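A look at the structure
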Amino acid sequence: MDRRFWHHIDLSEKQLPLGILEYVMERTHQGTTSIKLNGQSRQYTSAEILKFNKTLADTFALRTTQLSILELRCVKVDLRNVSNL
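A few points on the structure. (Residues numbered from 1 in each chain as written. Predicted model: local features only at pLDDT ≥ 70, side-chain atom pairs only at ≥ 80, totals over all residues. Heavy atoms only, no water.)

**As for unusual backbone geometry**
A positive phi angle is found at Cys74, which is not glycine, with a value near 55°. Looking at the element boundaries, Cys74 is found in the segment after strand E3 (69–73). On the basis of relative accessible area, Cys74 is assigned to the partly exposed category, the value being 38%. (Helix = DSSP H or I, 4+ residues; strand = E, 2+ residues; numbered from the N terminus. Buried < 20%, exposed > 50% of the residue type's maximum accessible area, 1.4 Å probe, protein only.)

In structure tokens, the structure reads:
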């Protein structure tokens, strides 16, 4: 929970479940400058994708104002729901 550790987030080496990706996105803050995540898009339901997209939109709207790098691998994003990218 220490914000000093959430500036550069790189969890791109292994595919992670959507719940963990959401957890990570919820821990970002205004000082977060880079996020690299790797998901498992083939295993997600439509409801899970919609929930992740809401988390992503909330992250950009509220917390990651200094973000300069966003790398999402194997994650479905509906850009219509993420207007603050």
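Now that the structure has been shown, the text picks up again.
**Details of helix H2 (residues 46–62)**
Its 17 residues give H2 an end-to-end C-alpha distance of 24 Å, which sits within 8% of 24 Å, the value for a rise of 1.5 Å per residue. Regarding H2, the residues found buried are Ile49, Phe52, Asn53, Thr55, Leu56, Ala57, Thr59 and Phe60. Summarising the contacts, the buried residues of H2 are in contact with helix H1 (18–26) and E3. (Expected span 1.5 Å × (residues − 1). Contact = heavy atoms within 4.5 Å.)

**Focus: the nonpolar core**
Residues Ile9, Leu21, Met25, Leu37 and Phe52 are the most contacted members of the largest nonpolar core, which totals 15 residues. The contacts of Ile9, once residues within four sequence positions are left out, are Val24, Thr28, Thr32, Ser34, Ile35, Lys36 and Leu37. (Core = buried A, V, L, I, M, F, W, Y, C linked by side-chain atoms within 4.5 Å.)

**Structural notes on the sheet that holds strand E2 (residues 34–38)**
Read from one edge to the other, the open sheet built from three strands follows the order E1-E2-E3, with strand pairing classed as parallel. The strands lining the two open edges of the sheet, one partner per strand, are strand E1 (8–11) and E3. Geometrically, the sheet is characterised by an average inter-axis angle of 10° between neighbouring strands, direction not taken into account. Inspection of the sheet shows E1 paired to E2 by four bridges, in the parallel sense. The residue bridging His8 from the neighbouring strand is Ser34, located in E2. (Pairing = 2+ DSSP bridges. Axes fitted to C-alpha atoms, helices over the stretch in contact; angles between N-to-C directions.)

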